[in-house]
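Listed below are the residues making up each chain.
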Amino acid sequence: MEEYKTLKVVQQTQNSGVFHLYLNRPSRFNALSRDFFAEFPKALSSLDQNPDVTVVVLSGSGDHFCSGIDVQTLSSITDPSSPTRDRARASEKLRRDIKLMQDAITAIERCRKPVIASIHGACIGGGVDIVTACDVRFCTKDAFFSVKEVDLGLTADLGTLQRLPGIVGFGNSMELALTGRRVSGDEAKELGLVSRVFGSKEELEEGVKVVAEGIAAKSPLAVAGTKAILLRTRDLNLHQGLDYVATWNSAMLVSDDLKEAISAHLQKRKPFFSKL
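No experiment lies behind these values; they were computed from the predicted model shown.

Draft legend 1. Representation of the sheet that holds strand E8 (residues 183-184) in the model. Strand order in the open sheet formed by 3 strands is E5-E7-E8, with mixed pairing between adjacent strands. In this open sheet, the two strands that pair with only one neighbour each are strand E5 (122-124) and E8. Judged from the 2 bridges that link them, strand E7 (residues 144-146) and E8 form a sheet pairing that is antiparallel. Residue pairing for E8: Phe145 is matched across the bridge by Val183. Where helix H4 (residues 126-133) meets the sheet, it contacts E5 and E7, and its direction lies at approximately 90° from that of E5.

See the structure below:
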């Protein structure tokens, strides 16, 4: 398995399709460095292409999920003293840097396999960008969230302002982004930012394992299709969305997975699906 500077990939249970991807800079509370933005899309692509992987669980090593973008990384990207030919070229380079970082987060959505965010401790700034791109979010009771960029004199630019309104609503997103205030695990559940809250990190890990293994036991074609359709439908009206899923299923519906699911149901046994 490939080694990374800022990440760690672990298959905790042999023969399980659930793989764990850890943000792995615990001494910096998993702050996001330049290396992270290069490695994260590569790691997700590798997991996506690995037929043994059916579900990805995204967690943070140490005491926190993610403390946001590393201050040194932020300073290097926005350094006005960096050698450039003129202001326009400096701005064009900054735009490219931002787009590359955005693309690294969007890699979560490009991954065909579901990505479950397992959140404990702090989830701040860039951490919120990451979890809003995930497919399912769970957290501990003592987790806390903050769209912190406004307190740093920044407009959040890696996806939170685009994805959060679809998760917690426009009004709640506006309030959270303008105030930068801290949101507890329980309030995150009330807002709909997370699906479930667990009493401890151990309970979170066990709860996530049950959900992940449950998804991993389902048809990988059906799971990948469900993710793809839901993401695509965000940008379509009802009739366009129905047309899109009709086209999708006209290609994917008649599969061995469908036959196996029906046979297993009739025979009262667990289905066995081929890898994707």
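Draft legend 2. The arrangement of the sheet that holds strand E3 (residues 55-60) in detail. If you trace the 6 strands from one edge of the open sheet to the other, you get E1-E2-E3-E4-E6-E9, paired in mixed fashion. The strands lining the two open edges of the sheet, one partner per strand, are strand E1 (7-10) and strand E9 (196-198). Each neighbouring strand pair of the sheet contributes to a mean axis angle of 20°, computed without reference to strand direction.

Draft legend 3. Local environment of the packing of helix H5 (residues 160-168) against helix H6 (residues 170-179). In contact at an axis separation of 7 Å, H5 and H6 are set at 130° when each is read in the N-to-C sense. Here H5 lies oblique to H6, going by the angle between them. Judged by the twist between their axes, the crossing of H5 over H6 is right-handed. In this structure, H5 uses Leu161, Leu164, Pro165 and Val168 to contact H6, whose residues at the interface are Phe170, Asn172, Ser173, Leu176 and Ala177.

Draft legend 4. Spatial organisation of unusual backbone geometry. Positioned with a positive phi, Phe29 is a non-glycine residue whose angle comes to about 55°. Looking at where Phe29 falls in the secondary structure, it is placed in the loop between strand E2 (18-23) and helix H1 (34-49). A relative accessible area of 44% means that Phe29 is categorised as partly exposed. In the Ramachandran plot, Asn30 falls in the positive-phi region, its phi being about 60° despite a non-glycine side chain. With respect to the helices, strands and loops of the structure, Asn30 is situated in the loop between E2 and H1. Using a relative accessible area of 2% as the deciding quantity, one classes Asn30 as buried.

Draft legend 5. Highlighting the packing of aromatic side chains. Enumeration according to the criterion identifies 4 aromatic pairs in this entry. Their ring planes at 80° and their centres at 5.1 Å tell us that Phe36 and Phe37 sit as a pair that is edge-to-face. Of the aromatic side chains, those joined through ring pairs into one cluster are Phe36, Phe37 and Phe40. Sitting over the face of the ring of Tyr244, Arg232 holds its NZ or CZ atom 5.5 Å from the ring centroid.

Draft legend 6. Just the packing of helix H3 (residues 87-110) against H4, in detail. The contact between H3 and H4 brings their axes to 8 Å, and the two run at 20°. By the angle between their axes, H3 is roughly parallel relative to H4. With respect to the hand of their crossing, H3 and H4 are arranged in right-handed fashion. In contact with Ile105, Ile108 and Glu109 of H3, H4 contributes Asp129, Ile130 and Ala133.

Draft legend 7. A nonpolar patch on the surface, seen in detail. Together, Leu253, Val254, Leu258, Ile262 and Leu266 make up an exposed nonpolar region whose accessible area comes to about 510 Å². Inspection of the secondary structure assignment puts Leu253 in the loop between helix H10 (238-252) and helix H11 (256-267). Its relative accessible area of 44% is what places Leu253 among the partly exposed residues.

Draft legend 8. Looking closely at the environment of Arg232. Among the secondary structure elements, Arg232 is positioned in helix H9 (residues 220-233). With 13 residues separating them along the chain, Arg232 and Val245 place their C-alpha atoms 9.5 Å apart.

Draft legend 9. The side chain of Glu39, seen in detail. Structurally, Glu39 is set in helix H1. Despite its burial, Glu39 remains without a salt bridge, the nearest opposite charge being carried by Lys5 at 6.0 Å. A distance of 2.8 Å separates a polar side-chain atom of Glu39 from the backbone nitrogen of Lys5. Among all residues touching Glu39, those that are not within four sequence positions of it are Tyr4, Lys5, Thr6 and Leu7.

Rules and cut-offs
- Residues numbered from 1 in each chain as written.
- Predicted model: local features only at pLDDT ≥ 70, side-chain atom pairs only at ≥ 80, totals over all residues.
- Heavy atoms only, no water.
- Pairing = 2+ DSSP bridges.
- Helix = DSSP H or I, 4+ residues; strand = E, 2+ residues; numbered from the N terminus.
- Contact = heavy atoms within 4.5 Å.
- Axes fitted to C-alpha atoms, helices over the stretch in contact; angles between N-to-C directions.
- Parallel < 35°, antiparallel > 145°, perpendicular 65-115°, else oblique.
- Left-handed = near helix turned anticlockwise from the far one by under 90°.
- Buried < 20%, exposed > 50% of the residue type's maximum accessible area, 1.4 Å probe, protein only.
- Phe/Tyr/Trp six-rings, centres within 6.5 Å; stacked < 30°, edge-to-face > 60°.
- Lys NZ or Arg CZ within 6 Å of the ring centre and 35° of its normal.
- Patch = residues over 30% accessible without salt bridge, like charges linked within 9 Å, V, L, I, M, F, W, Y side chains within 5 Å.
- Areas by Shrake-Rupley, 256 points an atom, 1.4 Å probe, with all protein chains shown as cover.
- Salt bridge = Lys/Arg side-chain N within 4 Å of Asp/Glu carboxyl O.
- Lys, Arg positive; Asp, Glu negative; His and termini not counted.
- Polar contact = N/O pair within 3.5 Å; in protein donor to acceptor, adjacent residues only side chain to side chain.

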